[in-house]
Amino acid sequence: MNARKKAAGQEKQPAQTKLSAKAYEKELARLHVELVKLQEWVVRTGAKVCILFEGRDGAGKGGTIKAITERVSPRVFRVIALPAPSDREKTQMYMQRYLPHLPAAGEIVIFDRSWYNRAGVERVMGFCTKEEAKVFLRAVPLMERAIIGSGVLLLKYWLEVSEEEQARRLQARINDERKVWKLSRLDLDSYSRWYDYSRARDDMFLASDTDLSPWYVAQSDDKKRVRLNIISHLLASIPYEPLPRAKVKLPKRQKAGDYREPNRPLRHVPELF
């Protein structure tokens, strides 16, 4: 087995039994409770957490991020998914458009794709030059050292999807009108360049998988398992502690007094269901 394939998480994994929906929902609910505890700790202590999600199109980044954020506050867990750079941004220092989105005290920022666009899609699709990609890979460990040195806890996840599963998911986007918005011309172009992306990923790991800022690879062919695995890992990677909570009791409502419901027609939503 090629060492790079092992490092990238491509080593053949033993078959697993299917995770039932009931078991998944039960474990996800338990992890959501822990994420709420993490949120309270981050706000109370002023911690700064930054989480990057990278991977090929269809690897499951969006679904994993949704599983993390669906029960917590969007004011604390901020998701950043930047569009293509504007003409003005193209003239800036490359990292300039990402730096303003880094977390302040009491925030967890999740990047749905990040500055590593330069090492991946921009390199493969020719949106930057080979020299620009090389400069980025030389600079990114220094930049991440500075980010971590400023007190940010940085976690980097790569979701690894197989060729077969990626093809199945992208085909589902074509066939399902609820998912068609997820499919772009760029996705189709990227799909045809599997091994260009593999080389870009390998170079990215070689340059930026450091002891200070390592990459964590998660097998994502099973959506339920990868979500549970990543949430469990990020919770284990952050030294949060449950904080004491005051007991909450609903107060009594005030009495109506002289208030009366207005006697005028209202425009009701039709009850079709």
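Residues numbered from 1 in each chain as written. Predicted model: local features only at pLDDT ≥ 70, side-chain atom pairs only at ≥ 80, totals over all residues. Heavy atoms only, no water.

**Remarks on the packing of aromatic side chains**
Here is step 1: Counted by the stated rule, this structure contains 12 aromatic pairs.
Here is step 2: Where Tyr-94 meets Tyr-98, the ring centres are 5.7 Å apart and the plane angle is 50 degrees; that geometry is what we call tilted. Like Tyr-94, the residue Tyr-98 is buried in the burial classification.
Here is step 3: Seen from their ring centres, Tyr-116 and Trp-215 are 4.8 Å apart, and the 65 degrees between their planes marks the pair as edge-to-face. Taken together, the residues Tyr-116 in the loop between strand 3 (107-112) and helix 5 (121-124) and Trp-215 in strand 5 (residues 215-219) connect sequence positions 99 residues apart.
Here is step 4: With a relative accessible area of 1%, Tyr-116 lands in the buried category. (Phe/Tyr/Trp six-rings, centres within 6.5 Å; stacked < 30°, edge-to-face > 60°. Buried < 20%, exposed > 50% of the residue type's maximum accessible area, 1.4 Å probe, protein only. Helix = DSSP H or I, 4+ residues; strand = E, 2+ residues; numbered from the N terminus.)

**Examining the side chain of Arg-118**
Here is step 1: As for its placement among the helices and strands, Arg-118 is situated in the loop between strand 3 and helix 5.
Here is step 2: Overall, the relative accessible area of 13% leaves Arg-118 in the buried class.
Here is step 3: Discounting chain neighbours no more than four positions away, the residues touching Arg-118 are Tyr-94, Arg-123, Cys-128, Glu-132, Ala-133 and Phe-136. (Contact = heavy atoms within 4.5 Å.)

**Section: helix 7 (residues 163-175)**
Here is step 1: Taking 1.5 Å per residue as the helical rise, helix 7 with its 13 residues ought to reach 18 Å, and the 18 Å between its terminal C-alpha atoms agrees with that figure.
Here is step 2: If you check which residues of helix 7 are buried, you get Glu-165, Gln-166, Arg-169, Leu-170 and Arg-173. Angularly, the buried residues of helix 7 cover 130 degrees about the axis, an arc narrow enough to put them on a single face. In helix 7, the exposed residues that point more than 90 degrees away from the buried face are Glu-164 and Asn-175.
Here is step 3: For helix 7, the secondary structure elements touched by its buried residues are helix 8 (185-191), helix 9 (194-208) and helix 10 (223-237). (Expected span 1.5 Å × (residues − 1). Arc of directions from axis to C-beta.)

**A look at the nonpolar core**
Grouped burial of nonpolar side chains is what soluble globular proteins tend to show.
Here is step 1: Ranked by size, the top nonpolar core spans 35 residues in total, and within it Leu-35, Leu-38, Ile-51, Phe-53, Phe-77 and Leu-234 carry the most contacts.
Here is step 2: Put simply, the parts of the chain that give this core at least two residues each are helix 2 (21-45), strand 1 (48-55), helix 3 (61-69), strand 3, strand 4 (152-160) and helix 10.
Here is step 3: When sequence neighbours within four positions are dropped, the list of residues in contact with Phe-53 reads Lys-61, Thr-64, Ile-65, Ile-68, Ile-110, Phe-111, Asp-112, Arg-113, Tyr-157, Leu-159 and Ile-230.
Here is step 4: Core analysis: the second largest hydrophobic core is formed by 23 residues, Trp-115, Phe-136, Met-204 and Phe-205 among them. (Core = buried A, V, L, I, M, F, W, Y, C linked by side-chain atoms within 4.5 Å.)

**Some thoughts on the side chain of Asn-117**
Here is step 1: By secondary structure assignment, the location of Asn-117 is in the loop between strand 3 and helix 5.
Here is step 2: Those residues in contact with Asn-117 that sit more than four places away from it in its chain are Glu-54, Tyr-94, Tyr-98, Glu-122 and Arg-123.

**Let's talk about the pattern of salt bridges**
Here is step 1: Applying the stated criterion across every chain, the model contains 19 salt bridges.
Here is step 2: Between Asp-203 and Arg-123 there is a salt bridge, with the nearest N and O atoms lying 2.9 Å from each other. Taken together, the residues span a long stretch of sequence, with Asp-203 in helix 9 and Arg-123 in helix 5 at a distance of 80 residues.
Here is step 3: A relative accessible area of 30% places Arg-123 in the partly exposed class.
Here is step 4: The partner of Arg-168 in a salt bridge is Glu-165, with the nearest N and O atoms 2.7 Å apart. Residue Arg-168 and its partner Glu-165 are located together in helix 7, separated by 3 residues, close to a single helical turn.
Here is step 5: Taking the relative accessible area as the measure of exposure, Arg-168 reaches 48% and is therefore partly exposed.
Here is step 6: By sharing partners, the salt bridges in this structure join Glu-54, Asp-57 and Arg-113 into a single network. (Salt bridge = Lys/Arg side-chain N within 4 Å of Asp/Glu carboxyl O.)

**Considerations on helix 6 (residues 130-149)**
Here is step 1: Under the 1.5 Å per step criterion, the end-to-end length of helix 6 is 29 Å for 20 residues, consistent within 8% with the ideal 28 Å.
Here is step 2: Its axis deflected by about 40 degrees at Ala-139, helix 6 carries its strongest bend there, up to four residues before the proline Pro-141.
Here is step 3: Looking only at helix 6, the buried set comprises Ala-133, Phe-136, Leu-137, Val-140, Met-143, Glu-144 and Ile-147.
Here is step 4: Residues of helix 6 that are buried make contact with helix 5, strand 4 and helix 9.
Here is step 5: In the segment just after helix 6, Gly-151 is the residue with positive phi, at about 105 degrees. (Bend = angle between axes of the 7 residues up to and from the residue.)

**Side note on empty space enclosed by the protein**
Here is step 1: Counted by the stated rule, this structure contains 2 cavities of 30 Å³ or more.
Here is step 2: Within this model, the largest cavity holds a volume of roughly 110 Å³.
Here is step 3: Lining the largest cavity we find 14 residues, and of these Glu-54, Gly-120, Val-121, Trp-158 and Tyr-197 sit closest to its centre.
Here is step 4: Elements with a minimum of two residues in the lining of the largest cavity: strand 1 and helix 9.
Here is step 5: Of the residues forming the lining of the largest cavity, the biggest block, 4 residues, is contributed by helix 9.
Here is step 6: Of the residues that constitute the lining of the largest cavity, the class distribution is 7 nonpolar, 3 polar and 4 charged.
Here is step 7: In this structure, the second largest cavity encloses a volume near 50 Å³.
Here is step 8: Lining the second largest cavity are Arg-56, Asp-57, Gln-166, Ser-190, Tyr-191, Arg-193, Trp-194 and Tyr-197.
Here is step 9: The set of elements that each furnish at least two residues to the lining of the second largest cavity consists of helix 8 and helix 9.
Here is step 10: The residue inventory of the lining of the second largest cavity, partitioned by class, reads 3 nonpolar, 2 polar and 3 charged. (1 Å grid on protein atoms, 1.4 Å probe; cavity = no way out; pocket = protein on both sides within 12 Å on 5 of 7 lines; lining within 4 Å. Points joined across faces, edges and corners; volume = space filled by probe spheres on them. Nonpolar A, V, L, I, M, F, W, Y, C, P; charged D, E, K, R; others polar.)

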